[in-house]
Amino acid sequence: MKQIAISPDLSLSNISYGVWRWSEEQTARAQQELVECCLEVGIDTFDHADLYNDYRNEALFGALLKNDPRLRSSIKIVTKCGIQLLSRSRPETRVKHYDYSPAHLRYSVDRSLKCLHTDYIDVLLLHRPSPLLNPDELAATLTDLVSSGKVRHVGVSNFTPAQFSLLQSRLHIPLRTNQIELNLLHPQPLTDGQVDFLYERSIPPMIWSPLAGGRIFRADAPLQGLRRMAEERGLGLDVLALAWLLAHPASFIPVLGTNQPERIRAAATAARVHLDLQDWFILYRDALGCDVP
Ligand SMILES: NC(=O)c1ccc[n+]([C@@H]2O[C@H](COP(=O)([O-])OP(=O)(O)OC[C@H]3O[C@@H](n4cnc5c(N)ncnc54)[C@H](OP(=O)(O)O)[C@@H]3O)[C@@H](O)[C@H]2O)c1
């Protein structure tokens, strides 16, 4: 699988894998199989967040790293911070909110490192923009975290171009990605300036819920062109929906969310699926719900 350089010293696999949907209902063996399957097909980038599965999934993944510390050098770890959920494990939280204070960021990074059984995070993302975000304070904290070696690179998620620019204007290290939602049921970032903003700066976007969280498979999803093309070409809807994203020239990095190894294997073939110009627009018409103007 192709690697996408997000900085001179770090590249991510063109498709990455997210652990949001992991839980204790799976066995550790099943989780290990998912990671092995990713590595087998060239997916070396794993997307986490402190809060997945009520703040427990980093530790589930970390248990695999603890058992096999050699794994760490073959993978890239992306994790996120900043969202404070109502959780039994955080009784002091009275309302869901965002916390980007220096103390919370340091706490969150230390906790992620401990849970993940690693001494560095490849890319730390600010999970969602906060209306109270203080770019000067945040820039200083992020710079300290990178200087300490705990975090190699920083980025954001779900930021508008204006929010990205504001933070970048105070930060002397580059933000390396913006992880955004983009799929056939949510194509707006292609036209609302999100993608253009990143492409102009040669910043590869990470794409969350590339299959709309599984909604593209539902019978009521209005994706006739996708269904027809899948039938004609003998390909899965997932493979075509990913090929549609990968065909974009701005180096999208979709983050897969399946818990099924065979679906990871199928997804990895998407990079080899050729969509010609009109194939791409047939799927885009599905996404828009009408012909382009
Ligand atoms: N930054 C953010 O704010 C943010 C927000 C949401 C997610 N994320 C990241 O993005 C990752 C991916 O998100 P996602 O899980 O929503 O991604 P997704 O790939 O769009 O959706 C995954 C869902 O689709 C189902 N699915 C996949 N292939 C299928 C198939 N062939 N037939 C039927 N169902 C299928 C999966 O079920 P099976 O497991 O049964 O295959 C799973 O429930 C997350 O793990 C997380 O790392 C980030």
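Right, let's walk through the structure included here. If you're wondering where the values come from, they're calculated on a predicted model, not measured in any experiment. (Residues numbered from 1 in each chain as written. Predicted model: local features only at pLDDT ≥ 70, side-chain atom pairs only at ≥ 80, totals over all residues. Heavy atoms only, no water.)

**Some details on the pattern of salt bridges**
Point 1. The tally for this structure, following the rule as stated, stands at 18 salt bridges.
Point 2. When the shortest N-O distance is used, the salt bridge between Arg152 and Asp122 registers 3.0 Å. Residue Arg152 is found in strand β9 (residues 151–157), and its partner Asp122 is found in strand β8 (residues 121–126); the two are separated by 30 residues along the sequence.
Point 3. The exposure class of Asp122 is buried, given its relative accessible area of 1%.
Point 4. Across the pair Glu200 and Arg201 runs a salt bridge whose closest N-O atoms are separated by 3.3 Å. (Salt bridge = Lys/Arg side-chain N within 4 Å of Asp/Glu carboxyl O. Helix = DSSP H or I, 4+ residues; strand = E, 2+ residues; numbered from the N terminus. Buried < 20%, exposed > 50% of the residue type's maximum accessible area, 1.4 Å probe, protein only.)

**So, the packing of helix α8 (residues 224–233) against helix α9 (residues 237–246)**
Helix-helix packing: each pair is described by the crossing angle between the helix axes and the interaxial distance.
Point 1. It is the contact of α8 with α9, at a shortest axis distance of 9 Å, that shows an interaxial angle of 115 degrees. In terms of their interaxial angle, α8 and α9 are classed as roughly perpendicular. Of the two possible hands of crossing, α8 and α9 adopt the one that is right-handed. Facing α8, whose interface residues are Leu226, Arg227, Met229 and Ala230, α9 presents Leu237, Leu240 and Ala241.
Point 2. The residue makeup of the contact of α8 with α9, split by class, is six nonpolar, no polar and one charged. (Axes fitted to C-alpha atoms, helices over the stretch in contact; angles between N-to-C directions. Parallel < 35°, antiparallel > 145°, perpendicular 65-115°, else oblique. Left-handed = near helix turned anticlockwise from the far one by under 90°. Contact = heavy atoms within 4.5 Å. Nonpolar A, V, L, I, M, F, W, Y, C, P; charged D, E, K, R; others polar.)

**Examining the site of the ligand**
Point 1. Near the ligand you find 28 residues, and of these Arg21, Asp47, Ser209, Thr258 and Arg263 are the closest.
Point 2. Between the ligand and Asn259, the relevant distance is 2.8 Å, taken from an oxygen atom to a main-chain nitrogen or oxygen of the residue.
Point 3. When the ligand sits alone it has 920 Å² of accessible area, and the protein chains cover 86% of it.
Point 4. Tallied by class, the residues present in the shell around the ligand amount to 10 nonpolar, 12 polar and six charged. (Near = heavy atom within 4 Å. Polar contact = N/O pair within 3.5 Å; in protein donor to acceptor, adjacent residues only side chain to side chain. Areas by Shrake-Rupley, 256 points an atom, 1.4 Å probe, with all protein chains shown as cover.)

**Some remarks on helix α5 (residues 135–147)**
At 3.6 residues per turn, the α-helix brings residues three or four places apart onto the same side.
Point 1. The end-to-end C-alpha separation of α5 is 18 Å, in line with the 18 Å expected for 13 residues at 1.5 Å each.
Point 2. For α5, the full list of buried residues reads Pro135, Leu138, Ala139, Thr141, Leu142 and Leu145. Projected down its long axis, α5 carries its buried residues within an arc of 165 degrees, all on one side.
Point 3. On its buried face, α5 sits against α4 (102–116), β8, β9 and α6 (161–170).
Point 4. Its side-chain oxygen at 3.1 Å from the backbone nitrogen of Asp136, Asn134 defines the N-terminal cap of α5. (Expected span 1.5 Å × (residues − 1). Arc of directions from axis to C-beta.)

**Regarding a nonpolar patch on the surface**
Point 1. Taken together, the side chains of Leu277, Phe281, Leu288 and Val292 define a hydrophobic patch exposed on the protein surface, amounting to about 350 Å² of accessible area.
Point 2. Here Val292 lies in the segment after α11 (277–288).
Point 3. On the basis of relative accessible area, Val292 is assigned to the partly exposed category, the value being 37%. (Patch = residues over 30% accessible without salt bridge, like charges linked within 9 Å, V, L, I, M, F, W, Y side chains within 5 Å.)

**Points about the nonpolar core**
Point 1. Counting 58 residues, the largest nonpolar core has Tyr17, Trp22, Phe61, Trp244 and Leu275 as the members making the most contacts within it.
Point 2. Every element with two or more residues in this core is listed here: α1 (28–40), α2 (52–55), α3 (57–67), α8, α9, α10 (261–268) and α11.
Point 3. Ranked by residue count, the leading element in this core is α9, at nine residues.
Point 4. Each residue touching Tyr17, except ones within four places of it in the same chain, is listed here: Trp22, Leu34, Cys38, Ile43, Thr45, Phe46, Asp47, Val255, Leu256, Thr258, Asn259 and Ile264.
Point 5. Listed in part, the 24 residues of the second largest apolar core include Leu124, Ala139, Phe159 and Ile203. (Core = buried A, V, L, I, M, F, W, Y, C linked by side-chain atoms within 4.5 Å.)

**Overview of α9**
Point 1. Summarising burial for α9: 10 of the 10 residues are buried, a large majority.
Point 2. Taken together, the buried residues of α9 touch β11 (206–208), α8, β12 (253–256), α10 and α11.

**Considering the side chain of Ser23**
Point 1. Structurally, the position occupied by Ser23 is in the loop between β3 (16–18) and α1.
Point 2. Setting aside its immediate chain neighbours within four residues, Ser23 contacts Gln31, Asn53, Asn57 and Leu60.

**Here's the deal with the packing of aromatic side chains**
Each aromatic ring pair is characterised by the separation of its centres together with the angle its planes make.
Point 1. One pass over the structure, following the stated rule, counts 11 aromatic pairs.
Point 2. Each ring, one from Trp244 and one from Trp280, has its centre 5.2 Å from the other, and the planes form 20 degrees; the classification is stacked. With Trp244 in helix α9 and Trp280 in helix α11, the pair connects residues that are 36 residues apart, well separated along the chain.
Point 3. Clustering of aromatic rings is evident, with ring pairs tying together Tyr17, Trp22, Phe46 and Phe61.
Point 4. Against the face of Tyr120 rests Arg72, its NZ or CZ located 3.9 Å from the ring centre.
Point 5. If you follow Arg201 out to its NZ or CZ, it ends over the ring of Phe197, 3.7 Å from the centre. (Phe/Tyr/Trp six-rings, centres within 6.5 Å; stacked < 30°, edge-to-face > 60°. Lys NZ or Arg CZ within 6 Å of the ring centre and 35° of its normal.)

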